[in-house]
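As a plain string of letters, each chain reads:
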Amino acid sequence: MKKYIKVSIILFSIVLVTILYGTGYRIGSFGIGKIGTVKALIPLINTNIFVDESEKITTTKDSELVHISLAPTTHQFIISRPGYFPWEKKVTVPSGGTVTLDPIFITQNTTGEIITMKDPQYLKIKQAIEKNMLPTKTSPIISYDKTTSLWIEDNTILVKVNGEIHTVTTPPELVKALDFYTNRSDAVVFSSADSVFVVETNALDTLDTVALENIQNIFPLFKGTDPYFVASTSHSIYVLDGTTLMQIAI
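What this report covers is the structure whose coordinates are included nearby. By convention here, each chain's residues receive numbers from 1 onward along its written sequence. Owing to the predicted nature of the model, reporting of local features is limited to residues with pLDDT of at least 70; listing and counting of side-chain atom pairs is limited to 80 or more, with chain, interface and lining totals taken over all residues. Just so you know, side-chain values use all the structure's heavy atoms and leave hydrogens and water out.

### Overview of the nonpolar core
Taken as a class, soluble globular proteins show a tendency for nonpolar side chains to be buried jointly.
Right, so step 1: Definition used in this section: a nonpolar core is a set of buried Ala, Val, Leu, Ile, Met, Phe, Trp, Tyr and Cys residues joined via side-chain atoms within 4.5 Å. Partly exposed describes any residue whose relative accessible area lies between the buried limit of under 20% and the exposed limit of over 50%, with all areas from a 1.4 Å probe on protein chains only and scaled to the type maximum. Among the nonpolar cores identified, the biggest contains 34 residues, and Ile 49, Phe 77, Leu 101 and Ile 237 are the most heavily contacted of them.
Right, so step 2: Leave out the neighbours within four places in its chain, and Phe 77 touches Val 38, Ile 49, Phe 50, Val 51, Ile 68, Leu 70, Trp 87, Glu 88, Lys 89, Val 91 and Leu 101.
Right, so step 3: In this structure, Val 159, Val 161, Leu 178 and Phe 190 belong to the second largest nonpolar core, which totals twelve residues. A contact between two residues is defined here by any heavy atoms of the two lying within 4.5 Å.

### Considering the packing of aromatic side chains
A ring pair, where both rings are aromatic, is described by two values, the distance of the centres and the angle of the planes.
Right, so step 1: Geometry of aromatic contacts follows a simple scheme: Phe, Tyr and Trp rings, the Trp one being its six-membered ring, pair when their centres are within 6.5 Å, and the pair is stacked under 30 degrees between planes, edge-to-face over 60, tilted otherwise. Going through the model one piece at a time under the given rule, you end up with three aromatic pairs.
Right, so step 2: Here the aromatic rings of Tyr 84 and Phe 105 are separated by 6.2 Å at their centres, their planes lie at 80 degrees, and the arrangement is edge-to-face. With Tyr 84 in the loop between strand S7 (74-80) and strand S8 (87-92) and Phe 105 in the loop between strand S9 (98-101) and strand S10 (112-115), the pair connects residues that are 21 residues apart, well separated along the chain.
Right, so step 3: In this structure, Lys 176 is placed above the aromatic ring of Tyr 228, and the distance from its NZ or CZ to the ring centre is 5.1 Å. Each helix is a run of DSSP H or I of at least 4 residues and each strand a run of E of at least 2, with the numbering of both proceeding from the N terminus. Charge-over-ring placement is defined geometrically: NZ (Lys) or CZ (Arg) within 6 Å of the ring centre, and within 35 degrees of the ring normal.

### Brief notes about the pairing of strand S15 (residues 175-180)
A regular strand places its side chains on the two faces of the sheet in alternate fashion.
Right, so step 1: The buried count for S15 comes to five of six residues, which makes it a mostly enclosed element.
Right, so step 2: Any two strands are treated as partners once DSSP identifies two or more bridges connecting them. Hairpin connection between S15 and strand S16 (residues 187-192): a loop of six residues separates the two successive antiparallel strands, and Thr 182 in this loop has a positive phi of roughly 45 degrees.

### Things to note about the pattern of salt bridges
Right, so step 1: Salt bridge, as used here: a side-chain nitrogen of Lys or Arg that lies within 4 Å of a carboxyl oxygen of Asp or Glu. Evaluated as defined, the whole model comprises five salt bridges.
Right, so step 2: In this structure, Lys 126 and Glu 130 form a salt bridge, with 2.6 Å as the shortest nitrogen-oxygen distance. On the criterion of helical spacing, the pair formed by Lys 126 and Glu 130 is a turn pair, its members being four residues apart in helix H2 (residues 122-131).
Right, so step 3: Here Asp 226 and Lys 176 are joined by a salt bridge, their closest N and O atoms 2.6 Å apart.

### A few points about the environment of Ile 237
Right, so step 1: Its place among the elements puts Ile 237 in strand S20 (residues 236-241).
Right, so step 2: What makes Ile 237 buried here is its relative accessible area of 3%.
Right, so step 3: Between the alpha carbons of Ile 237 and Ala 249 there is a distance of 6.7 Å; along the sequence they are twelve residues apart.
Right, so step 4: Among residues more than four places away in sequence, those in contact with Ile 237 are Val 189, Val 196, Leu 221, Phe 229, Val 230, Ala 231, Ser 232, Met 246, Gln 247, Ile 248 and Ile 250.

Following this line, the structure appears as structure tokens:
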């Protein structure tokens, strides 16, 4: 009888595990949970997506929406493309839930054009950069979606989201110019020392049920001698380095 009960329990356990697995349940860091999904709109073809150091997807077209099904636990993502800096993030996938990634693609080779002194816009742009003031707490920059305020205080870059103030970074050298990165509220551009950088604020949660883990990507956008900048369009900035003026794609 004991042997029969033991065999019955084993068979029941096998059947139960098979049913759970077939209906999308897995063992994760939170116990048994249902498979979740990580999705991302990847703008560039031939982008590689690695999950936990294993390649999962290589995009086959521009603006490809990818969906990756994963066990409900924490996963390491690396999204990379030849010629671009890799973007990293830890993602905790909720049971049966969805997390949306919005990676930043920064080319390793700066692209843009030089605006010569003979250009009729040269002096106007140069003066706009020279007059560009750093934002303050009482006069911050507001993100395009009106969700985030950005300013600098004692050389510390700060953002305010949902009434809470978060520190972005405190560069070792003086910050000379500051703005949001393109049409985003979760990344900013700043110039310090001889370079212009893009850094994630890490203050915003995703629109889904969980927040991304605290890996803060920072990328060099331009390196020169003493650069200042001002926004040009939503996808470019004017950089003044000495007397050299450039419009750089971001």
